[in-house]
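# A closer look at the structure
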Amino acid sequence: RPPAVRLGRAMSAGEPHTTEASPSLNSSSSFEAVEIDTANKYEPVSPHWFYCKEADSREKWIPFSGPDSEKLEHFYQSSKDCEELIVPTEGGRYDVYLKKRLRCAVYWEEEDSEVRRCTWFYKGEKDNKYIPYSESFSEELEETYMICVTLDEWKKKVESPSREIIILHNPKLMVHYHPVAITDDWGASATEQGRPRTVKRGVENICAEIPSGEPLQIDHLVFVVHGIGPACDIRFRSLIQCVNDFRNVSLSMLQAHFKKAQEQQQIGRVEFLPVNWHSTLHTGVDVDLERITLPSINRLRHFINDTILDVFFYNSSTYCQTIVDTVATEMNRLYLLFLQRNPDFKGGVSIAGHSLGSLILFDLLTNQKCTAEAEDNNKGKISSNGQADFRLHVTSDLLTEQTLGSHRPASSEEGPRSIKGILKELQLSEYYSVFEREHMDTEALALCTEKELKEMGIPLGPRMKILHYLKNKSSNQDSKRERPAAAWEDGDVTREAPANPTNGDVKQEALANPTKSNCQCLDVVTGQVSANYPQLMYKPQIFFAFGSPIGMFLTVRGIKRIDPKYSLPTCKGFFHIFHPFDPVAYRIEPLIAPDVEFEPMLLPHHKGRKRMHLGKEEPVPSSDVVLLNAYSKKLCIFRWCSNTFR
């Protein structure tokens, strides 16, 4: 080491007859020893977990997020002697089987991915990213590296399982020689060294983009239903890929606009889960389509069979039942599985549909039923005008109005909501114990005849009062049902409810009186395909329709106007979002307010830039203006230069 040597020589030259130069040399040697020990100190490599995805017949190794990799490493170190251990990753959407080294999807069907604990990587000439070595060979490389560092002996050679050579020249230069087989003019095969691959140790040296992870808290759950065909965008990506983009954009927006609230754990994230119905529909019908499809223009015909025919399938009662059953069953299954894996979830649920998927969800939501359990959950909720909400209930031939919230005084037109109230109004409270003993409620009372009341021990006079009350109440409800229905108008003809209503007629009656009922249902007979629409296990808060043809289908079904007071039975909000250049999207607002013309609201881009169609609408300067501006700029530059260097 030149500085130490020069220091020792200077001291010996200044005092040739003394022995003080020797300690200086010893101290210099000790400094060198310390430096050598520090340089030769070996530090174990920090592993990172990756998983493999195949794209275009090529393997692509993707790193797990930092928290997921640390969690996998923790369970790997603590469960070496245990049996199979399953570790949830990526927000609980994938499970990693540590012993099998497999990554498996939880909510949807997807091919299992290989998982690897990675420490050493290589990159070839044509590779865009580094590829990890196998775990066993990485351990062999790490042992060789440890020997080289400890003994300070480099240029060690390691032979790979495929008989390729890796040379460790120094900590910064390690290469992997990949032999290339060539053939000479005589047909003999020889081996020639190609361009060496670059070898790196540790994930911190390969510039990998490691995700930061997702918040553990989930505030909202959104189910996404696709439209026609197996592909979901112009790049022909699958539904899972598009939903992943939804999730990534929402996470980036949380970081950009709600970073402080997220750091303080005041808010969580939104989970998006895909709902696939196309594969179930085409499982059996594709064989039948193949037999009747013409062989000409093969690609176009198969594209039509995979996409456009889905619209015709949905308008068939047979296949419409298959589609709605698949969508509802899948959403219920995903909902239960999500709650099972997230028992502390207390957020809301929304649904989103694109193209035909939005129409499927619309028909499902309009056919959801208002159950008594749902009404009990809404007890005590007061409307904005301070009055209690009313809901209609069918009890045989008697429609009783039940108050949700504050009690209202009983009158002759609006009956009480309980047996006790009815008897109190009829001044027959002393017989309440008889009805209580027989477990009678308002529905059972509506079904009673004089014979049943007599068998209960009710005297003749009270029996007549009760029967007269029930008869008057039924007559009042019948007169209300005879009013013209105003929810759906077909041209200039307004349909009237029949005297003897069925369940569908009661739905129409509820639509005709939206001020009296918040629990309204669309008549499924009005143009909809006849199907048994399943019920969802939850009440969606918001229904998002993306690029939706709902307006067009309602018009084709003969519906020209929707009552502005109509609401979906179990869903509070409805957002219709479309791109102005979307050929499948139709507006629904003119059906609700045909006499009012207004432009749709423009949604700002999540990155803050102008949208493509708005940029194209701006006036483009003509070529003459462009040339004139360029000439004037050059002239100004020339004048500036001439004035400066004059």
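Residues numbered from 1 in each chain as written. Predicted model: local features only at pLDDT ≥ 70, side-chain atom pairs only at ≥ 80, totals over all residues. Heavy atoms only, no water.

### Description of the nonpolar core
Rule in force here: Think of a nonpolar core as a cluster: buried Ala, Val, Leu, Ile, Met, Phe, Trp, Tyr and Cys residues, connected wherever their side-chain atoms sit within 4.5 Å. We call a residue buried when its accessible area falls under 20% of the maximum for its residue type, exposed when it is over 50%, and partly exposed in between, using a 1.4 Å probe and counting protein chains only. Strands here mean DSSP runs of E at least two residues long; helices mean DSSP runs of H or I at least four residues long; both are numbered from the N terminus. Pairs of residues are marked as contacts when any of their non-hydrogen atoms sit within 4.5 Å.
Formed by 54 residues in total, the largest nonpolar core has its most connected members in Phe223, Val327, Met331 and Phe543. A per-element tally of this core places helix H10 (residues 317-341) first, with ten residues. Residues contacting Phe543, with those up to four places away along its chain left out, are Ile351, Gly353, Ser358, Leu361, Phe362, Leu365, Ile550, Leu568, Cys571, Gly573, Phe574 and Phe575. Counting 17 residues, the second-largest nonpolar core is a separate cluster that includes Leu428, Tyr431, Met440 and Leu453.

### Some words on unusual backbone geometry
Its identity as a non-glycine residue notwithstanding, Ile297 has a phi of 35 degrees, on the positive side. Position of Ile297 among the secondary structure elements: in the loop between helix H7 (278-292) and helix H8 (298-306). Judged by relative accessible area, Ile297 falls into the exposed class, the value being 53%. Positive phi, close to 60 degrees, is recorded for Gln427, a residue that is not glycine. Relative to the elements of secondary structure, Gln427 occurs in the loop between helix H13 (419-425) and helix H14 (432-437).

### A short note on the environment of Ser252
Operational definition: For this analysis, a polar contact is any N or O atom pair within 3.5 Å, provided that within protein one partner can donate a hydrogen and the other can accept it, and provided that sequence-adjacent residues contribute only side-chain to side-chain pairs.
As for its placement among the helices and strands, Ser252 is situated in helix H5 (residues 239-257). In this structure, the C-alpha to C-alpha distance between Ser252 and His606, residues 354 residues apart in sequence, is 9.4 Å. At 2.7 Å, the side chain of Ser252 forms a polar contact with the backbone oxygen of Val249.

### A closer look at the packing of aromatic side chains
Note the threshold: Here the aromatic set is Phe, Tyr and Trp, taking the six-membered ring for Trp, and pairing holds for ring centres within 6.5 Å; pairs whose planes are under 30 degrees apart are stacked, those over 60 apart are edge-to-face, and all others are tilted. By definition, being over a ring means that NZ of Lys or CZ of Arg is both within 6 Å of the ring centre and within 35 degrees of the ring normal.
All told, the structure shown has 18 aromatic pairs when counted by the stated rule. Considering the side-chain rings of Trp120 and Tyr145, the 5.8 Å spacing of their centres and the 70 degrees angle between planes classify their relative orientation as edge-to-face. One end of the pair, Trp120, is in strand E7 (residues 120-123); the other, Tyr145, is in helix H4 (residues 135-151), with 25 residues separating them in the sequence. Put simply, the rings of Phe246, Phe272, Phe544, Phe546 and Phe575 pair up and form one aromatic cluster. Here the basic side chain of Arg103 rests over the ring of Tyr51, its NZ or CZ set 3.9 Å away from the ring centre. Above the face of the Tyr94 ring, Arg103 is positioned so that its terminal group lies 3.6 Å from the ring centre.

### What to know about the pattern of salt bridges
For clarity, the threshold we go by: A pair is scored as a salt bridge if a Lys or Arg side-chain nitrogen falls within 4 Å of a carboxyl oxygen belonging to Asp or Glu.
Enumeration over the complete set of coordinates arrives at 22 salt bridges. We note a salt bridge from Arg201 to Glu142, for which the minimum N-O separation is 2.9 Å. In this pair, Arg201 is assigned in strand E14 (residues 197-201) and Glu142 in helix H4, connecting sequence segments 59 residues apart. Put simply, Glu271 and Arg269 hold a salt bridge, and the shortest N to O gap is 3.2 Å. A cluster of three or more residues bridged by salt bridges with shared partners is formed by Arg93, Glu214, Arg247, Arg269 and Glu271.

### Focus on the sheet that holds strand E4 (residues 94-97)
Heads up, the condition is: Any two strands between which DSSP finds at least two bridges are classified as paired. Axes here refer to lines fitted to C-alpha atoms; in helices the fit is confined to the stretch in contact. Angles between the N-to-C directions go from 0 to 180 degrees.
Overall, antiparallel pairing links the six strands, which are arranged E2-E1-E6-E5-E4-E3 in an open sheet. This sheet does not close on itself; its edge strands, each paired only once, are strand E2 (58-63) and strand E3 (86-89). The average undirected angle you get between the axes of adjacent strands in this sheet is 35 degrees. For E4 and strand E5 (residues 102-105), the ladder comprises four bridges, and the chain directions are antiparallel. Each residue of the ladder has a partner; that of Tyr94, found in E5, is Ala105.

### Thoughts on the sheet that holds strand E10 (residues 165-170)
Pairing between the strands of a sheet comes from backbone hydrogen bonds, and it takes one of two forms, parallel or antiparallel. One open sheet holds the six strands; their spatial order is E8-E7-E14-E11-E10-E9, and the pairing between them is antiparallel. Two strands lie at the open edges of the sheet, namely strand E8 (131-132) and strand E9 (156-159), each paired on one side alone. Bridge count for E10 against strand E11 (residues 173-177) is five bridges, and the pairing is antiparallel. Across the sheet, residue Ile165 finds its bridge partner in E11, namely Tyr177. Packed onto the sheet, H4 meets E7, E9, E10, E11 and E14 and runs at close to 170 degrees relative to E9.

### Re the side chain of Ser350
Mapping Ser350 onto the fold places it in strand E17 (residues 348-354). Judged by relative accessible area, which is 1%, Ser350 ranks as buried. Within the structure, Ser350 has its side chain in polar contact with the side chain of His220 (distance 2.7 Å). Setting aside residues up to four positions removed in sequence, Ser350 forms contacts with His220, Leu221, Val222, Phe223, Pro540, Gln541, Ile542 and Phe544.

### A few points about a nonpolar patch on the surface
Where we set the bar: The patches reported here contain residues having more than 30% relative accessible area and no salt bridge. Joining distances are 9 Å for like charges and 5 Å for nonpolar side chains (Val, Leu, Ile, Met, Phe, Trp, Tyr). Only the protein chains shown count as cover for residues, and the accessible areas themselves come from Shrake-Rupley with a 1.4 Å probe.
Side chains of Phe236, Ile297, Leu300, Phe303, Ile304, Ile308 and Phe312 sit close together on the surface and give an oily, nonpolar patch of about 720 Å² of accessible area. Sorting elements by how many residues they give to the nonpolar patch places H8 first, with three residues. If you trace the backbone, Ile308 turns up in the loop between H8 and helix H9 (309-314). A relative accessible area of 40% means that Ile308 is categorised as partly exposed.

### So, H5
Formally: Helix span is expected to be 1.5 Å times the residue number reduced by one.
The end-to-end C-alpha distance of H5 is 27 Å, a good match for the 27 Å that 19 residues give at a rise of 1.5 Å each. Buried residues of H5: Leu239, Ile240, Cys242, Val243, Arg247, Ser250, Leu251 and Leu254, and no others.

### Some thoughts on the environment of Lys473
Position of Lys473 relative to the elements: it lies in helix H17 (residues 460-481). For Lys473, a relative accessible area of 5% puts it in the buried group. Between the alpha carbons of Lys473 and Ala446 there is a distance of 9.8 Å; along the sequence they are 27 residues apart.

### Thoughts on the packing of H7 against H8
Here is the rule we go by: Each angle gets one of four labels, with under 35 degrees taken as roughly parallel, over 145 as roughly antiparallel, 65 to 115 as roughly perpendicular, and the rest as oblique. By the definition used in this description, the sense in which the near helix is turned from the far one sets the handedness, with an anticlockwise turn below a right angle giving left-handed and a clockwise turn giving right-handed. The residue classification treats Ala, Val, Leu, Ile, Met, Phe, Trp, Tyr, Cys and Pro as nonpolar and Asp, Glu, Lys and Arg as charged. All others, Gly included, are polar.
It is the contact of H7 with H8, at a shortest axis distance of 10 Å, that shows an interaxial angle of 135 degrees. The orientation of H7 relative to H8 falls into the category oblique. The chirality of how H7 crosses H8 is right-handed. In this structure, H7 uses His278, His282, Leu289 and Glu290 to contact H8, whose residues at the interface are His302, Asn305 and Asp306. Here the residues of the contact of H7 with H8 are counted per class, giving one nonpolar, four polar and two charged.

### Some remarks on the confidence of the model for the protein
Convention followed: The score called pLDDT rates the predictor's confidence residue by residue, from a low of 0 to a high of 100.
Mean pLDDT for the protein: 75, with 70% of residues reaching 70 or above. In the predicted structure, residues 1-38 sits below a pLDDT of 50 and forms ten contacts with residues beyond four places in sequence or in another chain. Predicted confidence for residues 479-525 stays below pLDDT 50, and this span has 85 contacts to residues more than four positions away or in other chains.

### Observations concerning the pairing of E14
Walk down a regular strand and you will see the side chains alternate between the two sheet faces. Side chains Arg197, Val199 and Arg201 of E14 all project onto a buried face; the interleaved residues Thr198 and Lys200 project onto a face where none is buried. With four bridges joining them, E7 and E14 adopt antiparallel strand pairing. For Lys123, the partnering residue across the bridge sits in E14 and is Thr198. As paired strands, E11 and E14 are joined by two bridges and run antiparallel to one another. In the sheet register, His176 faces E14, and the bridge partner there is Arg197.

### Let's talk about the environment of Glu59
Along the polypeptide, Glu59 turns up in strand E2. Once the C-alpha coordinates of Glu59 and Ile131 are considered, the two residues, 72 residues apart in sequence, prove to be 9.0 Å apart. Ignoring anything within four residues of it in the chain, the contact list for Glu59 reads Cys52, Lys53 and Glu54.

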